[in-house]
Amino acid sequence: MRVPPATWRQVFRRDNGICQYCGVDLLSSFSSYWSATVDHVLAVSAGGGDKIENLKLACPACNGILSRSAQRATFPERKSYVQERIMEEAEGYQEWLNELRGRNDP
């Protein structure tokens, strides 16, 4: 669910432009800023709403991970889930990166 623009800006400002799940700086480029999302800690479908206390700034990757974690209804649970998923995928990411870079070397 999309939050109103004024609420998005309020969350962005409160969280200093930092993804609250992985710590990425969403002010590092215009693309990062423009793609920043707001996560509903408690899903709207579970009774959560657009109150700022229920919202966290998230990068698109973390919000994508969280879209499959509706049963986690607190910020610490959700952050822990993201960190676990990042650790699980880090090795595969590095392998892909090495493989792709190796293919592009002259």
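Residues numbered from 1 in each chain as written. Predicted model: local features only at pLDDT ≥ 70, side-chain atom pairs only at ≥ 80, totals over all residues. Heavy atoms only, no water.

1. Regarding the packing of aromatic side chains
How two aromatic rings sit relative to each other is set out by the distance from centre to centre and by the angle between their planes.
Alright, step 1. For the structure on display, the rule yields 6 aromatic pairs.
Alright, step 2. An angle of 80 degrees between the planes, with centres 5.3 Å apart, marks the rings of Phe12 and Tyr33 as edge-to-face. Residue Phe12 is found in helix H1 (residues 5–14), and its partner Tyr33 is found in helix H2 (residues 30–35); the two are separated by 21 residues along the sequence.
Alright, step 3. When the ring of Phe30 is compared with that of Tyr33, the centres are 6.1 Å apart and the planes differ by 45 degrees; the resulting orientation is tilted. Of the two residues, Phe30 and Tyr33 are both situated in helix H2; the distance of 3 residues between them amounts to about one turn of the helix. (Phe/Tyr/Trp six-rings, centres within 6.5 Å; stacked < 30°, edge-to-face > 60°. Helix = DSSP H or I, 4+ residues; strand = E, 2+ residues; numbered from the N terminus.)

2. So, H1
Alright, step 1. Three or more residues of H1 are buried, namely Thr7, Trp8, Val11 and Phe12. Angularly, the buried residues of H1 cover 140 degrees about the axis, an arc narrow enough to put them on a single face.
Alright, step 2. The secondary structure elements touched by the buried residues of H1 are H2, strand S1 (37–40) and strand S2 (55–58).
Alright, step 3. Among the residues trailing H1, Asn16 stands out with phi positive, at a value near 55 degrees. (Buried < 20%, exposed > 50% of the residue type's maximum accessible area, 1.4 Å probe, protein only. Arc of directions from axis to C-beta. Contact = heavy atoms within 4.5 Å.)

3. As for the confidence of the model for the protein
Alright, step 1. Per-residue confidence for the protein averages 90 on the pLDDT scale, and 94% of its residues sit at or above 70.
Alright, step 2. Within the protein, the lowest mean pLDDT, 86, falls on helix H4 (residues 75–104), and the highest, 97, falls on S2. (pLDDT = per-residue confidence, 0-100.)

4. A word on the nonpolar core
Alright, step 1. In terms of nonpolar packing, the biggest core is built from 20 residues, with Cys19, Tyr21 and Leu26 touching the most fellow members.
Alright, step 2. Of all the secondary structure elements, the ones that give two or more residues to this core are H1, S2, helix H3 (60–66) and H4.
Alright, step 3. Apart from residues lying up to four places away in sequence, Cys19 is in contact with Val24, Leu26, Leu57, Ala58, Cys59 and Cys62. (Core = buried A, V, L, I, M, F, W, Y, C linked by side-chain atoms within 4.5 Å.)

5. A short note on the side chain of Lys56
Alright, step 1. Tracing the backbone through its elements, the reader meets Lys56 in strand S2.
Alright, step 2. An unpaired buried charge is present at Lys56: no salt bridge exists, and Asp15, the closest side chain of opposite charge, is 5.5 Å distant.
Alright, step 3. The contacts of Lys56, once residues within four sequence positions are left out, are Val11, Arg14, Asp15, Gln20, Tyr21, Thr37, Val38, Asp39, Val41 and Phe75. (Lys, Arg positive; Asp, Glu negative; His and termini not counted. Salt bridge = Lys/Arg side-chain N within 4 Å of Asp/Glu carboxyl O.)

6. Some thoughts on the pattern of salt bridges
Alright, step 1. Counted under the stated rule, the structure contains 4 salt bridges.
Alright, step 2. Here Glu88 and Arg85 are joined by a salt bridge, their closest N and O atoms 2.9 Å apart. Placement of both Glu88 and Arg85 in helix H4 is noted, with a separation of 3 residues, approximately one turn of the helix.
Alright, step 3. Residue classification places Glu88 among the exposed residues on the basis of a relative accessible area of 52%.
Alright, step 4. Glu89 is the salt-bridge partner of Arg85, the closest N and O atoms lying 3.5 Å from each other. Of the two residues, Arg85 and Glu89 are both situated in helix H4; the distance of 4 residues between them amounts to about one turn of the helix.
Alright, step 5. Judged by its relative accessible area of 24%, Arg85 falls in the partly exposed class.

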